[in-house]
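Commentary on secondary and tertiary structure
Listed below are the residues making up each chain.
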Amino acid sequence: ENLIEAQQITKRYASTTVLSDVDLHIRRGECLVLVGPSGAGKSTALRCLAGLEKLDAGSVVFQGETFVTPTGTRRHLGGAIGMVFQQFNLFPHLSVIENVVLAPRRVRRLPLPEARAKAEQLLDLVGLANRRDYYPHELSGGQQQRVAIARALAMEPTLMLFDEPTSSLDPEHTREVLRVMKQVVDLGMTVAVVTHEMSFARQSADRVVFMDDGRVLEEAPTERFFADP
Ligand code: ADP
Ligand code: ADP
């Protein structure tokens, strides 16, 4: 069963076509990894799925309902899609725990004790319970990214999208973040990841999609994708 489907989506920036007639689906409970050369349109595809881009053609269907069309983003999903970006985008003036508590408080109107309890549990999951009162600038890039993951999870999303979450990190911090992402996958969440980390794809993906030049060129179960020709 597909949780989300991009149907024949086309996306242009000025005269450049970045996505041409792309069909892409994510099944409930799976981990999909998107690979391909830089500029292929992977990040744009992920942002289209999240409803963050206006489409030139096609649509995105989420849980059986039309979510995005060329006229705009139709439904407000209330945090059902969580996204983690290459840049961590934490609020610099808020502590770690405040970063994680903010959205559940403001958007989901969760009472503070509940929101804090949830945040502490998630900080524990990402291995940062002991940094909860630090500020983002006091953390390494890898730690900041793990806070960003906890912050996204705090909204209890149905779908988690990761857009090159480790590409600004050194190898050690990359490993830390990939470990946390693997935990998220192992929780059974529906996940899509744009990454160049093939070891993560081999280990955690159920399916791999290869994009180039704004098109999906190959789509296969992980084992078959990496099998020798
Ligand atoms: P990938 O994630 O595969 O590296 P992107 O989706 O980031 O590819 O980008 C695909 C193409 O779209 C690139 O040529 C990029 O320069 C272009 N692009 C991405 N975002 C914008 C934008 N906001 N304005 C103009 N061009 C963009
Ligand atoms: P990535 O490919 O890793 O997603 P980029 O460095 O290509 O990141 O893009 C970073 C940001 O700049 C994104 O928000 C993207 O939409 C935007 N961007 C990328 N290419 C262009 C472009 N040619 N013109 C305007 N904005 C762009």
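What counts, and at which threshold
Residues numbered from 1 in each chain as written. Chains lettered and ligands numbered in written order. Predicted model: local features only at pLDDT ≥ 70, side-chain atom pairs only at ≥ 80, totals over all residues. Heavy atoms only, no water. UniProt positions renumbered as here; feature names shortened; annotations may be inferred. pLDDT = per-residue confidence, 0-100. Salt bridge = Lys/Arg side-chain N within 4 Å of Asp/Glu carboxyl O. Helix = DSSP H or I, 4+ residues; strand = E, 2+ residues; numbered from the N terminus. Buried < 20%, exposed > 50% of the residue type's maximum accessible area, 1.4 Å probe, protein only. Near = heavy atom within 4 Å. Polar contact = N/O pair within 3.5 Å; in protein donor to acceptor, adjacent residues only side chain to side chain. Areas by Shrake-Rupley, 256 points an atom, 1.4 Å probe, with all protein chains shown as cover. Nonpolar A, V, L, I, M, F, W, Y, C, P; charged D, E, K, R; others polar. Pairing = 2+ DSSP bridges. Axes fitted to C-alpha atoms, helices over the stretch in contact; angles between N-to-C directions. Parallel < 35°, antiparallel > 145°, perpendicular 65-115°, else oblique. Left-handed = near helix turned anticlockwise from the far one by under 90°. Contact = heavy atoms within 4.5 Å.

- Under an unreviewed UniProt entry, the protein has the name Amino acid ABC transporter ATP-binding protein and belongs to Desertihabitans brevis.
- In its Subcellular location (unreviewed entry) section, the UniProt entry covering the protein states "Cell membrane".
- According to the UniProt record, the Sequence similarities (unreviewed entry) comment for the protein is "Belongs to the ABC transporter superfamily."

1. Topic: the confidence of the model for the protein
- Averaged over every residue, the pLDDT of the protein is 95; residues scoring 70 or more account for 100%.
- Interface confidence for the predicted complex, given as ipTM, is 0.71, next to a pTM of 0.90.

2. Quick notes on the pattern of salt bridges
- This structure, assessed with the given rule, holds 12 salt bridges.
- A salt bridge links Arg207 to Glu30, with the nearest nitrogen and oxygen atoms 2.6 Å apart. On the criterion of sequence distance, the pair formed by Arg207 in strand E10 (residues 207–212) and Glu30 in the loop between strand E2 (16–27) and strand E3 (31–35) is long-range, its members being 177 residues apart. An identical accessibility class is assigned to Arg207 and Glu30; each is buried.
- Arg108 is the partner of Glu156 in a salt bridge, and the nearest nitrogen-oxygen pair spans 3.5 Å. You can see Glu156 sitting in the loop between helix H4 (141–153) and strand E8 (159–163) and its partner Arg108 sitting in the loop between helix H2 (96–106) and helix H3 (112–125), a full 48 residues away along the chain.
- By relative accessible area, Glu156 is classed as partly exposed at 44%.

3. With respect to the site of ligand 1
- Within the structure, ligand 1 sits among Tyr13, Val18, Pro37, Ser38, Gly39, Ala40, Gly41, Lys42, Ser43, Thr44 and Arg47.
- Gly39 has a polar backbone atom sitting 2.7 Å from an oxygen atom of ligand 1.
- At a separation of 2.8 Å, an oxygen atom of ligand 1 approaches a polar backbone atom of Ser43.
- The fraction of the free accessible surface of ligand 1 (560 Å²) that becomes covered by protein chains is 59%.
- Top contributing element to the shell around ligand 1 by residue count: helix H1 (residues 42–49), with 4 residues.
- Its residues assigned to classes, the shell around ligand 1 shows 4 nonpolar, 5 polar and 2 charged.

4. Brief notes about the side chain of Lys11
- Along the chain, the position of Lys11 falls in strand E1 (residues 2–13).
- By relative accessible area, Lys11 is classed as buried at 7%.

5. Quick word on the sheet that holds E10
- Read from one edge of the open sheet, 6 strands run E7-E8-E9-E3-E10-E11, paired in mixed fashion. Either end of the sheet is taken by a strand with one partner, and the two such strands are strand E7 (81–84) and strand E11 (215–221). Between one strand and the next, the sheet's axes are offset by a mean angle of 15°, whatever the strand orientation.
- Judged from the 4 bridges that link them, E3 and strand E9 (residues 190–194) form a sheet pairing that is parallel.

6. Remarks on the pairing of strand E5 (residues 65–69)
- Pairing geometry for strand E4 (residues 57–62) and E5, over 3 bridges, is antiparallel. Bridging from a neighbouring strand, Phe62 pairs with Glu65 of E5.
- Connecting E4 to the antiparallel partner E5 that follows it, the hairpin turn spans 2 residues, and Gln63 within it adopts a positive phi of roughly 50°.
- In the sheet, E5 pairs with strand E6 (residues 72–73) via 2 bridges, with the strands oriented antiparallel. Looking at the pairing, Val68 lines up with Thr73 of E6.
- Adjacent in sequence and paired antiparallel, E5 and E6 are bridged by 2 residues.

7. Notes on the packing of H2 against H4
- H4 packs onto H2 with a crossing angle of 25° between their chain directions and a minimal axis gap of 8 Å. Judged on the interaxial angle alone, H4 and H2 are roughly parallel. When you trace H2 past H4, the crossing you get is right-handed. Taken together, the residues of H4 that come into contact with H2 (itself represented by Val96, Asn99 and Val100) are Val147, Ala150 and Arg151.
- Grouping the constituent residues of the contact of H2 with H4 by class yields 4 nonpolar, 1 polar and 1 charged.

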